[in-house]
Amino acid sequence: MNVTGADLSHTPLADRLEPGEPHVFRECDLTEADLGGAALGGARFEACVLDGADLRKADLDGAVFRGGGGMRIRFDDADLVDATFTDVDLASARFGGALLTDVTFTGCRMIGASLTASRGTGFRVSGCNLTLANLGGCSLRGEVIEGVRFDDADLSGCDFTGATFSDCRLRGAKLIRTVFAQADLRGADLGEPDDARLRAFAGATINPVQAAAILAARGITVV
């Protein structure tokens, strides 16, 4: 299926897609379209409206999403190995149970997205807004994380061992049982340095300005 500019909103599409064929959707309206369980390996979604689209349990291995997007897209239990998302609106998207091995999110708006309970060996994020997102239990071990906002996000149980943060924000992020061992946090805004956050940052590398702010919050002056 190769479709450009079509109104496919509220349409059941899963049974119309032949497995093994390339599927390309350009500038289509897929609002609340039913693609649940569809064979979409290697498919392309270019500048499509995806508000409320149902992609649960779909095979999206190697799929490409570029531009477009929308609120509350459902990717629960989908296979997304090697998929790429570039400049996509994924606000309030749901990835529970999805296989996210080697998925790349670049320049995406992911406010309020839920990636908790996703599966796989890890994914990559760059230039994304993850404010209020839930990444509970996710692994970003050894990743280079650049230009990402984690403000007020739930990062409980996340593993950032050996990760490098550049131009990132962690203000208000929930850091219960979060691991930053051997992580480089010198390029991150760490937010208010309370005791719970400092325990999470144990074993990480910080810069002198960050260290001074932590000491100042405890009434210690460095001269």
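Rules of the game
Residues numbered from 1 in each chain as written. Predicted model: local features only at pLDDT ≥ 70, side-chain atom pairs only at ≥ 80, totals over all residues. Heavy atoms only, no water. Core = buried A, V, L, I, M, F, W, Y, C linked by side-chain atoms within 4.5 Å. Buried < 20%, exposed > 50% of the residue type's maximum accessible area, 1.4 Å probe, protein only. Helix = DSSP H or I, 4+ residues; strand = E, 2+ residues; numbered from the N terminus. Salt bridge = Lys/Arg side-chain N within 4 Å of Asp/Glu carboxyl O. Pairing = 2+ DSSP bridges. Disulfide = S-S within 2.5 Å. Phe/Tyr/Trp six-rings, centres within 6.5 Å; stacked < 30°, edge-to-face > 60°. Polar contact = N/O pair within 3.5 Å; in protein donor to acceptor, adjacent residues only side chain to side chain.

Phe85 and Phe105 are the most contacted members of the largest nonpolar core, which has 67 residues in total. Elements with a contribution of two residues or more to this core: strand S9 (164-169) and strand S10 (184-189).

When the charged atoms of two side chains with opposite charge come close together, those side chains can pair. Here the structure, examined in full by the defined rule, presents 11 salt bridges. The residue Glu46 makes a salt bridge to Arg26 at a minimum N-O spacing of 3.1 Å. Residue Glu46 is found in strand S3 (residues 44-46), and its partner Arg26 is found in strand S2 (residues 24-26); the two are separated by 20 residues along the sequence. Linking Arg119 and Asp79 is a salt bridge whose minimum nitrogen-to-oxygen distance equals 3.8 Å.

Moving on, we get to the pairing of S9. Relative to S9, strand S8 (residues 144-146) runs parallel, the two sharing 3 bridges. Considered in S9, the bridge of Ile145 is made with Phe165. Both S9 and S10 contribute to a ladder of 4 bridges, which runs parallel. Within the sheet, the bridge partner assigned to Thr164 lies in S10 and is Asp184.

Inspection of every chain in the model, using the stated rule, returns 0 disulfides. For Cys28, which is in no disulfide, the shortest distance to another cysteine sulfur is to Cys48 and amounts to 4.8 Å. We classify Cys28 as buried; its relative accessible area is 1%. The buried category is assigned to Cys48, whose relative accessible area is 2%.

This part is about unusual backbone geometry. One non-glycine residue, Lys57, lies in positive phi territory at about 60°. Relative to the assigned elements, Lys57 resides in the loop between S3 and strand S4 (64-66). Although it is not a glycine, Asp82 adopts a positive phi angle of roughly 65°. In this structure, Asp82 sits in the loop between S4 and strand S5 (84-86). What makes Asp82 partly exposed here is its relative accessible area of 45%.

Right, let's talk about the packing of aromatic side chains for a bit. Under the defined criterion, the tally for this structure stands at 16 aromatic pairs. Between the aromatic rings of Phe105 and Phe123, the centroid separation amounts to 5.9 Å while the plane-to-plane angle is 90°, which identifies the pairing as edge-to-face. Of this pair, Phe105 sits in strand S6 (residues 104-106) while Phe123 sits in the loop between S6 and strand S7 (124-126), placing them 18 residues apart in sequence. Phe123 matches Phe105 in its accessibility class, with the two residues each being buried.

For helix H2 (residues 208-217), the side-chain oxygen to backbone nitrogen distance between the N-cap and Val209 is 3.1 Å, and the N-cap itself is Asn207. One or two residues past the end of H2 sits Gly219, with phi positive at roughly 75°.

Fair warning: the whole summary comes from geometry, so function is off the table for now.
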